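Structural overview
The lines below spell out each chain.
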Amino acid sequence: MDTLNQIGDRMPMFALGQLVTTPAALSLLEACGKQPFHYLAKHVSGDWGATCAEDCKANEQALQSGARIMSAYTLPDGEKIWIITEADRSSTTILMPSEY
């Protein structure tokens, strides 16, 4: 089973810090039958989801520079969630784009 300590054969690329989700994002995930860790595992392993090329490049640079990292995922029902890891890696938040 995959965990955040190791995702398949890939190790996490950065620290997540404290994990936080907004109530609205958690409700969306539950309605789709998805667990937050499914998307956190993608995020921490460098699968940035549905981000544009510019944001993907910014994330790759952030791995070296220590800047903020952001991923975007489309849920099975078509709704979107964002996952943002702060620059200091103190926390990672799952939220809806409208909550940013």
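Our structure is the block above this text.
Keep in mind the model is a prediction, meaning the values are calculated, not measured.

The next subject is the nonpolar core. Among the nonpolar cores identified, the biggest contains twelve residues, and these are Ala25, Leu28, Leu29, Cys32, Tyr39, Leu40, Tyr73, Leu75, Ile81, Ile83, Ile94 and Met96. Secondary-structure elements contributing two or more residues to this core are helix 1 (23–32), helix 2 (36–44) and strand 3 (80–85). Looking at which element gives the most residues to this core, the answer is helix 1, with four residues. Grouped together as the second largest cluster of nonpolar side chains are six residues, Phe14, Val44, Ala62 and Ile69 included.

Here we take up helix 2. Within helix 2, the full set of buried residues consists of Pro36, Tyr39, Leu40, Ala41, His43 and Val44. Against the buried residues of helix 2 lie strand 1 (18–21), helix 1, strand 2 (69–74), strand 3 and strand 4 (91–95). In the segment just after helix 2, glycine 46 is the residue with positive phi, at about 95°.

Judged by pairing direction, the sheet is mixed, and its four strands sit side by side in the order 1-4-3-2 without closing on themselves. Every other strand in the sheet has two partners, leaving strand 1 and strand 2 as the edge strands with one partner each. Each neighbouring strand pair of the sheet contributes to a mean axis angle of 15°, computed without reference to strand direction. Both strand 3 and strand 4 contribute to a ladder of four bridges, which runs antiparallel. Residue isoleucine 83 lies in a different strand from strand 4, and its bridge partner there is isoleucine 94. Together, strand 1, strand 2, strand 3 and strand 4 form the strand contacts of helix 2, whose direction differs from that of strand 2 by roughly 130°.

All right, on to the packing of aromatic side chains then. This model, assessed by the stated rule, comprises three aromatic pairs. Consider the rings of phenylalanine 14 and tryptophan 48, whose centres lie 6.3 Å apart with planes at 25°: the pair is stacked. Of the two residues, phenylalanine 14 sits in the segment before strand 1 while tryptophan 48 sits in the loop between helix 2 and helix 3 (53–65), which places them 34 residues apart along the sequence. Taking the relative accessible area as the measure of exposure, phenylalanine 14 reaches 10% and is therefore buried. The exposure class assigned to tryptophan 48 is buried, which follows from its relative accessible area of 4%. Centroid distance tyrosine 39 to tyrosine 73: 5.4 Å. Interplanar angle 45°. Geometry classified as tilted.

Another aspect to go through is helix 1. Within helix 1 the residues assigned to the buried category are Ala25, Leu28, Leu29 and Cys32. Down the axis, helix 1 shows its buried residues gathered within 95° of arc, on one side only. Those residues of helix 1 that are exposed and aimed more than 90 degrees away from the buried face are Pro23, Glu30 and Ala31. Check the buried side of helix 1 and you find it contacts strand 1, helix 2, strand 3 and strand 4. Glycine 33 occupies a position one or two residues after helix 1 and carries a positive phi of about 75°.

What counts as what
- Residues numbered from 1 in each chain as written.
- Predicted model: local features only at pLDDT ≥ 70, side-chain atom pairs only at ≥ 80, totals over all residues.
- Heavy atoms only, no water.
- Core = buried A, V, L, I, M, F, W, Y, C linked by side-chain atoms within 4.5 Å.
- Buried < 20%, exposed > 50% of the residue type's maximum accessible area, 1.4 Å probe, protein only.
- Helix = DSSP H or I, 4+ residues; strand = E, 2+ residues; numbered from the N terminus.
- Contact = heavy atoms within 4.5 Å.
- Pairing = 2+ DSSP bridges.
- Axes fitted to C-alpha atoms, helices over the stretch in contact; angles between N-to-C directions.
- Phe/Tyr/Trp six-rings, centres within 6.5 Å; stacked < 30°, edge-to-face > 60°.
- Arc of directions from axis to C-beta.

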